[in-house]
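The residues making up each chain are set out below.
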Amino acid sequence: MLNKPDSPCKTMSSNNVKLGDDSVRIPKLELSGSNWVLYKDHLLWAADAKGYRGHLNGMVTEPVALQAQAAMETVAEGAGTGGTPDPGQVAYESALAEWRKGEANVKQLIASTVPDSLFMKIHIKPNVCAIWEALAQEFERKLCTSGKTAQDHMTFKSSRQV
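Residues numbered from 1 in each chain as written. Predicted model: local features only at pLDDT ≥ 70, side-chain atom pairs only at ≥ 80, totals over all residues. Heavy atoms only, no water.

I would appreciate a short explanation of the nonpolar core in the present structure.
Among soluble globular proteins, nonpolar side chains are generally buried collectively. Counting 25 residues, the largest nonpolar core has Trp-36, Tyr-39, Leu-56, Ile-110, Trp-132 and Leu-135 as its most contacted members. If you list the elements that add at least two residues to this core, you get strand S2 (22-27), helix H1 (36-49), helix H4 (87-111), helix H5 (116-122) and helix H6 (128-145). Apart from residues lying up to four places away in sequence, Tyr-39 is in contact with Ile-26, Pro-27, Lys-28, Leu-29, Ile-110, Thr-113, Val-114 and Trp-132. (Core = buried A, V, L, I, M, F, W, Y, C linked by side-chain atoms within 4.5 Å. Buried < 20%, exposed > 50% of the residue type's maximum accessible area, 1.4 Å probe, protein only. Helix = DSSP H or I, 4+ residues; strand = E, 2+ residues; numbered from the N terminus. Contact = heavy atoms within 4.5 Å.)

For this particular structure, what's the right way to read the environment of Lys-121?
Tracing the chain through its elements places Lys-121 in helix H5. Exposure remark for Lys-121: the relative accessible area of 57% places this residue in the exposed category. Sequence separation between Lys-121 and Ile-131 is 10 residues; the distance between their C-alpha atoms is 9.3 Å.

For this particular structure, what's the right way to read the packing of aromatic side chains?
To describe a pair of aromatic rings, you give the distance between the ring centres and the angle between the ring planes. Counted by the stated rule, this structure contains 4 aromatic pairs. Residues Trp-36 and Tyr-39 carry aromatic rings whose centres are separated by 6.0 Å and whose planes lie at 35 degrees to one another, so their mutual orientation is tilted. On the criterion of helical spacing, the pair formed by Trp-36 and Tyr-39 is a turn pair, its members being 3 residues apart in helix H1. Classification of Trp-36 by relative accessible area gives buried; the value is 0%. Under the relative-accessibility criterion, Tyr-39 is labelled buried at 0%. Centroid distance Tyr-39 to Trp-132: 6.5 Å. Interplanar angle 35 degrees. Geometry classified as tilted. Here the residue Tyr-39 occupies a position in helix H1, and Trp-132 occupies one in helix H6, the gap between them amounting to 93 residues. A residue is classified by how much of its surface remains accessible, and Trp-132, at 8% relative accessible area, is buried. (Phe/Tyr/Trp six-rings, centres within 6.5 Å; stacked < 30°, edge-to-face > 60°.)

Now the structure itself:
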């Protein structure tokens, strides 16, 4: 059933977010967290579709740099003799660029779907996994302290929107 403009039923607002070459539709997270369960699932699915879910759950971590001294010696040797760059350093820089791209894409996905006041609390976190954990702690706690399970909450929300 479609909501008429004058209908008292409230529809959830959502954003079309550009993620790579594709556009995904993610609901705006309500500051109250009333739509946390839907928001979480939509965001997880969108991140998974682009191969970025590992950034949210911590399975994809920042690549570890080679030991600085060894890398500097190799670069110095290569620069003086016209040699090739160290393959390990090249691989590290490539992996780091790929990781940063994934982090940036997921950060943008989150930033464009949370209220500004919430963004101000999470934007200082060091990576996507820490941001996601902060959001989950905040809104999972709200679900738990309301005395309702996620299923109770979703049943209540869907019964109001029919």
